[in-house]
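Understanding the architecture of this molecule
Chain by chain, the residues run as shown.
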Amino acid sequence: MRIILLGAPGAGKGTVAKLLTALDGSVQISTGDILRGAVKAGTPLGKEAKGHMDSGGLVPDSLIMGIMEQRLQEKDCQGGFLLDGFPRTIPQADELGKLLTKLNIKLDLVANIDVPRDVILDRLTTRRTCSNTSCQEIYNIKSNPPAPGDKCKKCGSPTIQRADETVEAISKRLDVYNEKTAPLIGYYDKLGKLLTIKEASSDGVVNAIKAGIAAKK
Ligand code: AMP
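The text that follows walks through the structure, step by step, so that each part is easy to find. This structure is a prediction, so every number in the text was calculated from the model and none was measured.

It is worth spelling out the site of the ligand at this point. Neighbouring the ligand are 16 residues, the closest being T31, R36, G57, Q92 and R173. T31 places a polar side-chain atom, nitrogen or oxygen, 2.8 Å from a nitrogen atom of the ligand. At a separation of 3.0 Å, an oxygen atom of the ligand approaches a polar side-chain atom of R88. Within the complex, the protein chains bury 96% of what would otherwise be the 480 Å² of accessible surface of the ligand. Counting atoms within 2 Å of the grid points, the majority share of the ligand lands in the largest cavity.

And the structure:
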């Protein structure tokens, strides 16, 4: 499948993407994960992105498009992809449209995962992430805690609260989402690609996406 997952930070895009990859071998492409990897590795991209990310702002469109132009042409994308956290602005969506036309790729669906703000705030402040960049397993201190000592159950690395998951940074990220990313809902609706999903569970979202893709075929 070739889909875009739209939704505020904490709407569950990453969790849903991981469930969807298990269905048909499509790859998850998370610009947030790619950027965090670059920050950790101390690359020039990471150095430029870090300040924007820590404050809850967006990384400049030109940097993101450089990453995505390359990533979408890698071999593993030929079997399908799930875009998680991209596009995040109208200029990114315009550029993506041109890139997909150039690569002769047609999107199946844009899934808009719609979750109330109070649920998102609670989810993000209780979220912990494995610090190992090749693992990045996600935990929740209430519903799915890490192993004793705040260690990752999968790889044993320490789990951390991301710098952009403090209350201040989360409020900023939600404001940025409303201002810069929410307009993409109307953008993709006009293109006839949008499916808005209000399911509470990740499995419910996955089932709605499967049904949505089947209906658009
Ligand atoms: P995420 O894990 O998707 O919430 O992304 C974490 C942070 O990475 C965001 O708050 C932004 O600073 C940056 N980021 C991720 N994807 C994008 C994007 N498509 N455009 C601009 N900034 C992004």
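Moving on: empty space enclosed by the protein. Enumeration over the complete set of coordinates arrives at one cavity of 30 Å³ or more. By volume, the largest cavity is sized at about 680 Å³. Of all the secondary-structure elements, those providing two or more residues to the lining of the largest cavity are β1 (2-6), α1 (13-24), β2 (27-30), α2 (31-41), β5 (127-130) and α7 (167-181). The element best represented in the lining of the largest cavity is α2, accounting for five residues. In terms of residue class, the lining of the largest cavity is built from 14 nonpolar, 16 polar and 10 charged.

In this structure, D164 sits in the loop between β7 (159-160) and α7. A distance of 3.0 Å separates the side chain of D164 from the side chain of R162, its partner in a polar contact. Beyond its immediate chain neighbours, meaning those up to four positions away, D164 contacts M53, D54, A169, I170 and R173.

Within the structure shown, the criterion is met by 13 salt bridges. The closest approach of N and O atoms between D164 and R162, which form a salt bridge, is 3.0 Å. Here the two residues D164 and R162 agree in accessibility, since each one is buried. Three or more residues are tied together by salt bridges with common partners; here these are R127, R162, D164, E165 and R173.

All right, on to the packing of aromatic side chains then. In this description, a pair of aromatic rings is defined by centroid distance and the angle of the planes. Evaluated as defined, the whole model comprises one aromatic pair. Summarising the aromatic geometry, the rings of Y187 and Y188 are spaced 5.0 Å apart at their centres and angled 75° between planes, so their arrangement reads as edge-to-face. The class of Y187 is partly exposed, set by a relative accessible area of 21%. Taking relative accessible area as the criterion, Y188 reaches 3% and is therefore assigned buried.

Cut-offs and rules
- Residues numbered from 1 in each chain as written.
- Predicted model: local features only at pLDDT ≥ 70, side-chain atom pairs only at ≥ 80, totals over all residues.
- Heavy atoms only, no water.
- Near = heavy atom within 4 Å.
- Polar contact = N/O pair within 3.5 Å; in protein donor to acceptor, adjacent residues only side chain to side chain.
- Areas by Shrake-Rupley, 256 points an atom, 1.4 Å probe, with all protein chains shown as cover.
- 1 Å grid on protein atoms, 1.4 Å probe; cavity = no way out; pocket = protein on both sides within 12 Å on 5 of 7 lines; lining within 4 Å.
- Sits in = over half its atoms within 2 Å of the grid points.
- Points joined across faces, edges and corners; volume = space filled by probe spheres on them.
- Helix = DSSP H or I, 4+ residues; strand = E, 2+ residues; numbered from the N terminus.
- Nonpolar A, V, L, I, M, F, W, Y, C, P; charged D, E, K, R; others polar.
- Contact = heavy atoms within 4.5 Å.
- Salt bridge = Lys/Arg side-chain N within 4 Å of Asp/Glu carboxyl O.
- Buried < 20%, exposed > 50% of the residue type's maximum accessible area, 1.4 Å probe, protein only.
- Phe/Tyr/Trp six-rings, centres within 6.5 Å; stacked < 30°, edge-to-face > 60°.

By themselves these figures say nothing about function.
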